[in-house]
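Descriptive structure summary
Below, each chain spelled out in residue letters.
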Amino acid sequence: MSRVKVFGGILGNFNKSYQYCDVDDDSEDDVNEESWCTCLSSHEDDDDDEDEPEPDERLWRKRRFEPPPPQSAKKFCPDGSMIPGGSSDWSNIQGNIGLTNISQGPPELKQWLNRFQAWSNSEKLQAIDALINKCAASHVRYMMKAIEPLFQRDFISLLPKELALTVLGYLQPKDLLRAAQTCRYWRFLADDNLLWKEQCRRIGLTTLKKMPRSLPRCASPWKAAYMRQSLIQENWLHKPVNNPTVMRGHDDHVITCLQFYGKRILSGSDDTTLKVWSAVNGKCLRTLVGHSGGVWSSQMVGDLVISGSTDRTLRVWNAKTGQCLKVLAGHTSTVRCMHLHQNRVVSGSRDATLRVWSIPDGRCLRVLVGHLAAVRCVQYDGKVVVSGAYDYFVKVWNPDTGECLHTLAGHTNRVYSLQFDGVHVVSGSLDTSIRVWDVESGQLKHTLTGHQSLTSGMELHSNILVSGNADSTVKVWDITTGHCLHTLSGPNKHQSAVTCLQSSNRFVITSSDDGTVKLWDVRTGEFIRNLVELGSGGSGGVVWRIRASATKLICAVGSRNGTEETKLLVLDFDVPGACRKCDE
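Thresholds applied
- Residues numbered from 1 in each chain as written.
- Predicted model: local features only at pLDDT ≥ 70, side-chain atom pairs only at ≥ 80, totals over all residues.
- Heavy atoms only, no water.
- Pairing = 2+ DSSP bridges.
- Helix = DSSP H or I, 4+ residues; strand = E, 2+ residues; numbered from the N terminus.
- pLDDT = per-residue confidence, 0-100.
- Contact = heavy atoms within 4.5 Å.
- Axes fitted to C-alpha atoms, helices over the stretch in contact; angles between N-to-C directions.
- Phe/Tyr/Trp six-rings, centres within 6.5 Å; stacked < 30°, edge-to-face > 60°.
- Buried < 20%, exposed > 50% of the residue type's maximum accessible area, 1.4 Å probe, protein only.

1. Let's talk about the pairing of strand E19 (residues 404-408)
Where strand E18 (residues 394-397) lies against E19, four bridges are found, and the strand directions are antiparallel. Pairing of Val394 across the sheet is with Leu408, part of E19. As consecutive antiparallel partners, E18 and E19 are separated by six residues, and within that stretch Gly402 has a phi angle of approximately 85°, a positive value.

Shown next, in the form of structure tokens:
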């Protein structure tokens, strides 16, 4: 079955379910236009965040204890609608079925039914036995098909509410949506807020950014969040991307680093500047001027920006004002990499050292000496620093004492990339291998082989590692077993080196020297589609960097020979009107 059919069915059920809720004749509440934001933008720039109420599930717990009273013994009509049990209602149904058939039957049928009604119960049973004996097999099958629905019971309504919710909790979202269309009480249960919160948890959606000020009785914030997430996923899979937002500002220079946080984009260039952009309207909000050499590394969290340059310094900036707050001097060569954690940043330099800095006072707290060549990559989790260098080594440090805890030896060429999750260190090298180490013991756990060139970038989520390589392929690995799960290649693979990648539990996005950005299914390894195809691709156009959120993709574009102008492309996959704050 194609993705279009699958998602079309799910989205169709969402629409049906919400239409049913909207026309609920006993609801007096209107949907407040000032709804909540379920996007993954953090809205750090919002001035009125403190005025917004936090999500409070007590409202929904109260709702769960006020269900409409279920009928004690419900039966279903042949058309699927329910009727309460009882002799008078049963007679009405029988009468309605009879009247429908009488209008289309022979004239003697009404007289025969009137006589049947006048008989005693035992006489009616004898007549039914005699009638069945006279019927052909096809007539008996028809009677069974017509009678059977009349004896079906609504077992969900007969269960205690807690047990009914437990049963419904085993259903998939599309089945919950179908169940909600059965009757009012089933809809009440299937719209349970905590039921949908569990569905959201299963797809990795664990927070709601805003709580609505008023909601219709049938609405669930978590159901709305799930619906929106499904619509966004559908956009990633199929939405046309013909008109991305284009942002120009670094002239013909190379964009060397790219960050995306909330509603802000940060780009650094070898033109010595950084620029802060609005991801909403594409405007350049600030140009950070102060470095005397090209910018080669950067980090951004909230209003804080840290940058490292060939001028051998790091600078601390305020992204809102553009002011340079601190100049961190001490390295004797280019600051090539850094990692920010809370109020400390660790920088790695071509001078073969790392430095641990305190951001509030601009002091160098520790110099980590031990590498024999340029430090190319660094990871810092607040407790341990891990660094990779051109001396072929990976080192694990105690940033408080400056002690080198482990030297991870095994690579036979320069180390270019690192991932660290607090337990595993994963290093990628020019020797074509990827190595998985235990950070506590320093022991090598696995050597991942299969790439043919430099591993330029990696992302680690739980036990799943995605690696991009200069051999034009991307591989998905299980680091607990060391097995390669998928190689993202085939007829739609990149035609030259992979320059950057981002992954989630659903997708992998990759960019390349060939001027394309591709979307892949991380679970199956299947190619989905091209998100970007530069007209100059193959003749010099390059997508250097990519950064993505749940709803947006940022691409840093340029060329090696002037065939493509330097610019940023913003592709938006959000649901129109879903987030009022993001639309402003």
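Still to come is the rest of the account.
2. A short note on the confidence of the model for the protein
Of all residues in the protein, 79% have pLDDT values of 70 or greater, and the mean over the chain is 82. The model gives residues 61-65 a pLDDT under 50, and that stretch makes 12 contacts with residues more than four places away or in other chains. Confidence over residues 72-93 falls short of pLDDT 50; this stretch has 44 contacts with residues more than four positions distant or in other chains.

3. Re the sheet that holds strand E21 (residues 424-429)
Strand order in this open sheet of four strands is E20-E21-E22-E23, and the pairing throughout is antiparallel. If you trace the sheet from one side to the other, it starts and ends with strand E20 (415-420) and strand E23 (444-448), each paired once. Sheet twist, expressed as the average angle between the axes of neighbouring strands with direction ignored, equals 20°. Pairing of strand E22 (residues 434-438) with E23 involves four bridges; the strand directions are antiparallel. Bridge pairing in E23 places Trp437 opposite Leu444.

4. Observations concerning the packing of aromatic side chains
Throughout the structure, instances matching the rule amount to seven aromatic pairs. Seen from their ring centres, Trp112 and Phe116 are 5.7 Å apart, and the 20° between their planes marks the pair as stacked. Residue Trp112 and its partner Phe116 are located together in helix H4 (residues 108-118), separated by four residues, close to a single helical turn. Overall, Trp112 belongs to the partly exposed group, its relative accessible area being 38%. Assessed through its relative accessible area of 15%, Phe116 is described here as buried. Where Tyr390 meets Tyr416, the ring centres are 5.3 Å apart and the plane angle is 45°; that geometry is what we call tilted. Residue Tyr390 is located in the loop between strand E17 (385-389) and E18, and its partner Tyr416 is located in strand E20; the two are separated by 26 residues in the primary sequence. Each member of the aromatic cluster is reached from another via a ring pair, and the members are Trp112, Phe116 and Trp119.

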